[in-house]
Amino acid sequence: MRFDNQWTQAILRRVRDLTPGIREFTLAPEGGASPYPTGAHVVLRVIVDGKQDLRRYSLVGEQPMDGCYRIAVKREDPGRGGSRYMWSLPEGARIELAPPDSFFQLSRDASEYLLIAGGIGITPIRGMATALLRRGAKFRMLYGGRTREEMAYLGELEVELGDRLAVFPDDQGVRMDLAAEFARLAPDAEVYVCGPLGLLEAVKRAWAATGRPRAKLVFETFGSSGRFASEPFTVRVPRLGVEVQVPANTSMLDALEAAGVGVLYDCRRGECGLCAMDVLAVEGTMDHRDVFFSDHEHEENRKVCACVSRVAGGSITVDPAFRGDAGLQPGKSALWPSAIPAAE
Ligand code: FES
């Protein structure tokens, strides 16, 4: 593991409930927190089902506060277990973390920015808003959630951002008009979005329809959300004579790895496509949860990203691309250390 020597002990200095389902954790690492780029994350060692595992959480705020990092974790009871572990920690608990890193950095050279956050996707966007405000940049922020009460940091954002902030609670029936928002942006404007899959897909479609450069749309996903609730299903690999049950709280990729099937992966968030497998047959309904393949490719059902996508009510038969000839061992990432699940 590339950062074996970089793990730091941290004390959980403070726990604060932001909403009924989102809790903020203030972590004081030994030696103090390091500055980090806006949009960065930290990796924490968590315990899931009695075993050590890793989870990546976006850092809240533009910079450390009083020598501490802040993260916010949404409790996902049907999730993979990382959030349940975090929510079980009392103030004063010790936890190991790796230094901040970022795959979601805010540029400095656009004349205008649009930030879009959905649900817990607010965590990296929160610091971007502060950074743009401090720079005096031209920007707006769109923030959606189920209800106002479930939208973390909403009150403080309304005070800080004033009319730069537009709020879209689902229960009030207010929807983002993405086409109108994009139409009024400057030609070199950049859009940063973090939220659930449905929001990301809508943003990608609306952005593509504008004909603007793809590189000006920057997004980060939480690869665990889909169109259907997660439920158990069966995955078969006829070439290897393998049939594996995938529990509701486990990814297809993890289930295949546990069965000794070599699978290449990197992001584990449905973004890079490295884990894509050929689909030979599907019984039930495919729930494609990646943002790597297009809508058209999802409809074709010929490829599946095993790290995030699932089947609702049935089984899938696949052929993994990995054939053991790349010098990799089953269960190892090709591109450590980004191969860490995002928060769930
Ligand atoms: S899409 Fe990147 S590992 Fe699955």
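Up top is the structure these notes are about.
Because the structure is a prediction, the values reported are computed rather than measured.

### Regarding the pairing of strand 8 (residues 139-145)
Okay, so step 1: Extensive coverage of strand 8 is indicated by the burial of six of its seven residues.
Okay, so step 2: Relative to strand 8, strand 7 (residues 113-118) runs parallel, the two sharing six bridges. Residue Gly 118 lies in a different strand from strand 8, and its bridge partner there is Gly 144.
Okay, so step 3: You can see the chain leave strand 7, run along helix 2 (residues 122-135) and come back into strand 8, and the turn it takes is right-handed.
Okay, so step 4: With helix 3 (residues 154-161) bridging strand 8 and its parallel neighbour strand 9 (residues 165-169), the resulting β-α-β unit is right-handed.

### Here we look at the sheet that holds strand 16 (residues 310-320)
Okay, so step 1: The five strands are arranged 13-12-16-14-15 in an open sheet whose pairing can be described as mixed. Each edge of the open sheet carries a strand with a single partner, namely strand 13 (242-246) and strand 15 (303-305). Mean inter-strand twist for the sheet, computed between neighbouring axes without regard to direction, equals 35°.
Okay, so step 2: Where strand 14 (residues 276-287) meets strand 15, three bridges bridge the pair, whose relative direction is antiparallel. Each residue of the ladder has a partner; that of Asp 278, found in strand 15, is Lys 303.

### With respect to the environment of Ala 137
Okay, so step 1: Positionally, Ala 137 belongs in the loop between helix 2 and strand 8.
Okay, so step 2: Taking the C-alpha atoms as reference, Ala 137 lies 9.9 Å from Asp 109; in sequence the two are 28 residues apart.

### Regarding the sheet that holds strand 6 (residues 94-101)
Okay, so step 1: Reading across from one edge, 4-3-6-1-2-5 is the order of the six strands in this open sheet, with antiparallel pairing throughout. The sheet is open, and its two edges are formed by strand 4 (51-58) and strand 5 (69-74), each paired on a single side. Each strand axis lies, on average, 40° off the axis of its neighbour in the sheet, ignoring direction.
Okay, so step 2: Of the pairings in the sheet, the one linking strand 3 (residues 41-48) to strand 6 comprises three bridges and is antiparallel in character. The partner of Val 43 across the bridge, within strand 6, is Ala 98.

### Brief notes about the pattern of salt bridges
Okay, so step 1: Following the criterion strictly, the structure yields 19 salt bridges and no others.
Okay, so step 2: The residue Arg 268 makes a salt bridge to Asp 254 at a minimum N-O spacing of 2.1 Å. Separated by 14 residues along the polypeptide, Arg 268 in the loop between helix 6 (252-258) and strand 14 and Asp 254 in helix 6 bring together distant segments of the chain.
Okay, so step 3: The class for Asp 254 is partly exposed, based on a relative accessible area of 24%.
Okay, so step 4: Through salt bridges with shared partners, a single network forms among Arg 16, Glu 24 and Arg 70.

### Regarding the nonpolar core
Okay, so step 1: Within the largest apolar cluster, 30 residues are counted, with the highest numbers of intra-cluster contacts made by Leu 115, Ile 122, Ile 125, Met 141, Tyr 143, Leu 157 and Tyr 192.
Okay, so step 2: Of all the secondary-structure elements, those providing two or more residues to this core are strand 7, helix 2, strand 8, helix 3 and strand 10 (190-195).
Okay, so step 3: Each of domain 1 (4-101) and domain 2 (113-221) contributes no fewer than three residues to this core.
Okay, so step 4: Val 235, Tyr 265, Cys 275 and Cys 305 belong to the second-largest nonpolar core, a separate cluster that totals 27 residues.

### Brief notes about unusual backbone geometry
A negative phi angle is the norm for most residues apart from glycine, just as the trans form is the norm for most peptide bonds.
Okay, so step 1: One non-glycine residue, Tyr 153, adopts positive backbone phi at about 65°.
Okay, so step 2: Here Tyr 153 is to be found in the loop between strand 8 and helix 3.
Okay, so step 3: When its relative accessible area of 4% is taken as the criterion, Tyr 153 is described as buried.
Okay, so step 4: With a phi close to 60°, Asn 301 is a non-glycine residue in the positive phi region.

### Considerations on the packing of aromatic side chains
Okay, so step 1: Per the stated rule, a full pass over the model turns up five aromatic pairs.
Okay, so step 2: Measuring from ring centre to ring centre gives 4.9 Å for Phe 292 and Phe 293, while their planes differ by 80°; the resulting arrangement is edge-to-face.
Okay, so step 3: Note on Phe 293: relative accessible area 9%, which makes it buried.
Okay, so step 4: Among the aromatic residues, those joined into a ring-pair cluster are Phe 104, Tyr 113 and Tyr 192.

### Digging into the pairing of strand 7
Okay, so step 1: Most of strand 7 sits out of view: six of its six residues are buried.
Okay, so step 2: Relative to strand 10, strand 7 runs parallel, the two being bridged by five bridges. Counted as the bridge partner of Tyr 113 is Glu 190 from strand 10.

### What about the side chain of Thr 147?
Okay, so step 1: Along the chain, the position of Thr 147 falls in the loop between strand 8 and helix 3.
Okay, so step 2: Residues in contact with Thr 147, not counting those within four places in the same chain, are Pro 169 and Asp 171.

Quick notes on the rules
Residues numbered from 1 in each chain as written. Predicted model: local features only at pLDDT ≥ 70, side-chain atom pairs only at ≥ 80, totals over all residues. Heavy atoms only, no water. Buried < 20%, exposed > 50% of the residue type's maximum accessible area, 1.4 Å probe, protein only. Helix = DSSP H or I, 4+ residues; strand = E, 2+ residues; numbered from the N terminus. Pairing = 2+ DSSP bridges. Right-handed = clockwise from strand over helix to strand, strands pointing away. Axes fitted to C-alpha atoms, helices over the stretch in contact; angles between N-to-C directions. Salt bridge = Lys/Arg side-chain N within 4 Å of Asp/Glu carboxyl O. Core = buried A, V, L, I, M, F, W, Y, C linked by side-chain atoms within 4.5 Å. Domains from an automatic or database assignment. Phe/Tyr/Trp six-rings, centres within 6.5 Å; stacked < 30°, edge-to-face > 60°. Contact = heavy atoms within 4.5 Å.

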